[in-house]
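Remarks on the overall topology
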Amino acid sequence: MKACKHAAVPEASPGRVAPLVAVLGGGQLGRMLALAGIPLGLRFRFLDPSPDAPAGALAPLVVGALGDEAALAQTAEGATVVTYEWEGVPASGARAVAARRPVLPPPAALDVAQDRLHEKELCRRLGIATPAFAAVDDRADLERAVKELGLPCVLKTRRSGYDGKGQVVLRAPGDVDAAWSVVGGVPLILEALVPFDREVSVLAVRGRDGATSCWPLVENHHADGILRRSIAPAPGLSPQLQATGEDYAARLLDALEYAGVLAVELFEVGGAAEPSLLVNELAPRVHNSGHWTIEGAATSQFENHLRAILGWPLGSTAAVGVSAMVNCVGALPRPASVLAVSGAHFHDYSKAPRPGRKVGHVTVTAHDHDEVRARLAQLAGLPGMDVPA
């Protein structure tokens, strides 16, 4: 653990001690939490292994491993509440902090989200639809699971892995040996490969009093396992599909006795005649597919997360028009090139560019889907942005 790096901190009003939110992780999500919370009079302190973590520009930064007991204690000291911006925070560390300070979302959410098998089993217990799956602990299990689920399927590590990492698709019997050589030797889960119509997500927020609200479902577009674009509300979103997404989220939030924002990544299947949703993954935190809410919703995911964990009333999750969020991956466009487009908003995470790294995002707001598509097309070809012309 290293000493705390200091940044400007808002002063409390006379006679009032500003609430202190301690955040485990200091990446762009933590940065955006601070940007939402500072206007509310909140103070922040972050823990991150990197002295160059983006959130360090906005609040004191403790440099240390996310599981380091001394660093955790220093970060949480005097905090009103402790939260996290990455589901990879060791659950044991979050539990140790919870013995002294409120930690929200609860560490139990980390236990679930850090193990893909536990995620699917929780959904099954709650009656929430998922792709067919089977646990794989050894080579023999893999053979049995492939026979049970059939091909094609996808073999995933149960723990770690994100943005497409830690998984291999099996399309033919000859792929089994190759897949095992890539990810075998650790606990695995085999899942049926879903021929989905599109990928969507629902972001929901639950307060400490149990009050729950959801933003409109979002349509997501990925490339190389990385989220590239989100459109909100999802084009052609029906009330029935929105209700299903909200129902899934509410069951999960209640079962976990949750407080804060939860993202549920989903596959839409069944075609236009009978659309339905399957849960793919959970993220117990603010989420990339919710960045559009900063400009595109009455209350952003970041502000509502803070309201929820502090026990404050939740804000409206209604969309304001239509929004599209585009990640800047590996490179940033020139701000002036983005801001020349009507309704465009530029976000720079202050991260050094490198291939595959999210270094910023752009949100485009509009009155309807046709207008947002036309505005997106004006961004086509800019560095780091995967936008159809």
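For the structure itself, look to the data block above.
Note that residues are indexed from 1 along each chain, following the sequence as it is written. Local features are withheld for residues below a pLDDT of 70 in this predicted model, meaning they are given only at 70 or higher, and side-chain atom pairs are given and counted only at 80 or more; totals for whole chains, interfaces and linings count all residues. As a rule here, side-chain values cover all heavy atoms of the structure and leave hydrogens and water aside.

**Section: the overall build of the protein chain**
- In this description a helix means any DSSP run of H or I spanning at least four residues, a strand means any run of E spanning at least two, and both kinds are numbered starting from the N terminus. Summing up its helical and strand segments, the protein chain has 12 helices and 18 strands in all.
- In summary, the protein chain has a C-alpha radius of gyration of 21 Å against a globular reference of 21 Å for 389 residues, a match within 12%.
- When its C-alpha atoms are laid out on the principal axes, the protein chain stretches across 70 × 50 × 40 Å.
- Whether a residue is buried, partly exposed or exposed follows from its accessible area with a 1.4 Å probe, protein chains only, as a fraction of its type maximum: under 20%, in between, or over 50%, in that order. Residue burial in the protein chain is summarised as follows: out of 389 residues, 54% are buried.
- By the convention used here, residues are in contact when the closest approach between their heavy atoms is within 4.5 Å. Long-range pairs, those at least 24 residues apart, make up 62% of the contacts in the protein chain with a sequence separation of at least 6.
- The Shrake-Rupley method, run with a 1.4 Å probe, gives the accessible areas here. Residue values count only the displayed protein chains as cover. In the form shown here, the protein chain has an accessible surface area of approximately 15700 Å², with 53% of it arising from carbon and sulfur atoms.
- Under the counting rule used here, the positive set is Lys and Arg, the negative set is Asp and Glu, and His together with the chain ends is not counted. Note on charges: their place is set at NZ of Lys, CZ of Arg, CG of Asp or CD of Glu. Of the charged side chains in the protein chain, 36 are positive and 41 negative; the average position of the first set lies 5 Å away from that of the second. Radius of gyration means the value over C-alpha atoms here, while the globule rule gives 2.2 Å times the residue count to the 0.38 power.

**Details of the pairing of strand β7 (residues 153–157)**
- The element β7 is largely enclosed, with a buried count of 5 among its 5 residues.
- Burial along β7 is two-sided: Cys153, Leu155 and Thr157 facing one way and Val154 and Lys156 facing the other are all buried.
- Sheet topology note: the β7/strand β8 (residues 167–170) ladder contains 4 bridges and is antiparallel. Bridge pairing links Leu155 to Val168 in β8.
- Here β7 runs beside strand β9 (residues 188–192); their pairing, made up of 5 bridges, is antiparallel. If you follow Lys156 over to β9, its bridge partner there is Ile189. Any two strands with at least two DSSP bridges between them are considered paired.

**Quick notes on helix α7 (residues 175–183)**
- Buried within α7 we find Val176, Ala179 and Val183. The buried residues of α7 occupy an angular sector of 65° when the element is viewed end-on, so they sit on one face. Facing away from the buried side of α7 by over 90 degrees, the exposed positions are Asp177 and Ser181.
- Where α7 is buried, its residues touch α6 (139–149), β7, β8 and β9.
- Once α7 finishes, Gly185 follows within two positions and takes phi at roughly 100°, a positive value. Taking the helix axis as origin, the arc is that swept by the directions to the C-beta atoms.

**Description of the pattern of salt bridges**
- We count a salt bridge whenever a side-chain nitrogen from Lys or Arg sits within 4 Å of a carboxyl oxygen from Asp or Glu. Evaluated as defined, the whole model comprises 18 salt bridges.
- Between Glu281 and Arg116 there is a salt bridge; the shortest N-O distance is 3.2 Å. Here Glu281 is found in strand β15 (residues 276–283), whereas its partner Arg116 is found in helix α5 (residues 116–125), with 165 residues between them in sequence.
- In this structure, Arg206 engages Asp254 in a salt bridge whose closest nitrogen and oxygen atoms are separated by 3.0 Å.

**Remarks on the nonpolar core**
- Residues Val82, Leu252, Val264, Leu266 and Val279 are the most contacted members of the largest nonpolar core, which totals 41 residues.
- Aside from chain neighbours lying at most four places away, what touches Leu266 is Arg198, Glu199, Val200, Ser201, Val202, Tyr248, Leu277, Leu278, Val279 and Asn280.
- Here the nonpolar core consists of buried residues drawn from Ala, Val, Leu, Ile, Met, Phe, Trp, Tyr and Cys, with membership extended through side-chain atoms lying within 4.5 Å. The next biggest cluster of nonpolar side chains, apart from the first, holds 38 residues, and it includes Leu29, Leu58, Ala232 and Val261.

**Describing the sheet that holds strand β6 (residues 133–136)**
- The antiparallel open sheet is built from 4 strands, whose spatial order is β6-β9-β7-β8. Every interior strand has two partners, whereas the edge strands, β6 and β8, have only one. Sheet twist, expressed as the mean angle between neighbouring strand axes with direction ignored, is 20°.
- Helix-sheet contacts for α6 involve β6, β7, β8 and β9, and the interaxial angle to β6 is about 170°. Only the stretch in contact is used when fitting a helix axis, every axis being a line fitted to C-alpha atoms; angles between N-to-C directions are given from 0 to 180 degrees.

**Section: the packing of helix α1 (residues 28–37) against helix α10 (residues 301–310)**
- Between α1 and α10, the shortest axis-to-axis distance is 8 Å and the interhelical angle comes to 75°. Taken together, α1 and α10 sit at an angle that is classed as roughly perpendicular. Packed against α1, whose contacting residues are Leu29, Met32, Leu33, Ala36 and Gly37, the element α10 presents Phe302, Glu303, His305 and Leu306 at the interface.
- Residues belonging to the contact of α1 with α10 are distributed by class as follows: 6 nonpolar, 2 polar and 1 charged. An angle below 35 degrees is read as roughly parallel, one above 145 as roughly antiparallel, one from 65 to 115 as roughly perpendicular, and any other as oblique. Classification convention: Asp, Glu, Lys, Arg as charged; Ala, Val, Leu, Ile, Met, Phe, Trp, Tyr, Cys, Pro as nonpolar; all other residues, Gly among them, as polar.

**A short note on the packing of aromatic side chains**
- Side-chain rings of Phe, Tyr and Trp (the six-membered ring for Trp) are treated as a pair once their centres are within 6.5 Å; stacked means planes under 30 degrees apart, edge-to-face means over 60, and tilted covers the remaining angles. Tallied over the entire structure, the rule returns 2 aromatic pairs.
- Ring centres 6.0 Å apart and planes at 10° place the aromatic pair Phe44 and Phe46 in the stacked group. Like Phe44, the residue Phe46 is buried in the burial classification.
- Centre to centre, the rings of Phe196 and Phe267 are 4.9 Å apart; their planes meet at 5°, and the pair counts as stacked. Placement of Phe196 in the loop between β9 and β10 (198–206) and of Phe267 in strand β14 (residues 260–269) is noted, with a sequence separation of 71 residues between them.

**Quick word on α1**
- Within α1, 9 of the 10 residues are buried, which leaves the element mostly enclosed by the surrounding structure.
- Looking only at α1, the buried set comprises Gln28, Leu29, Gly30, Arg31, Met32, Leu33, Ala34, Ala36 and Gly37.
- On its buried face, α1 sits against β2 (20–24), β3 (43–48), α9 (293–296), α10, β17 (344–348) and β18 (358–366).

**Brief notes about the side chain of Thr293**
- Relative to the helices and strands, Thr293 resides in helix α9.
- The term polar contact refers here to a pair of N or O atoms within 3.5 Å; inside protein, the definition further demands a hydrogen-donor-capable atom paired with an acceptor-capable atom, and it admits residues adjacent in sequence only when both atoms are side-chain atoms. Of the polar contacts made by the side chain of Thr293, one reaches the backbone oxygen of Gly290; its length is 2.6 Å.
- Reaching out from Thr293, the side chain makes a polar contact with the backbone nitrogen of Gln301 at a distance of 2.9 Å.
- When sequence neighbours within four positions are dropped, the list of residues in contact with Thr293 reads Trp215, Thr299, Ser300 and Gln301.

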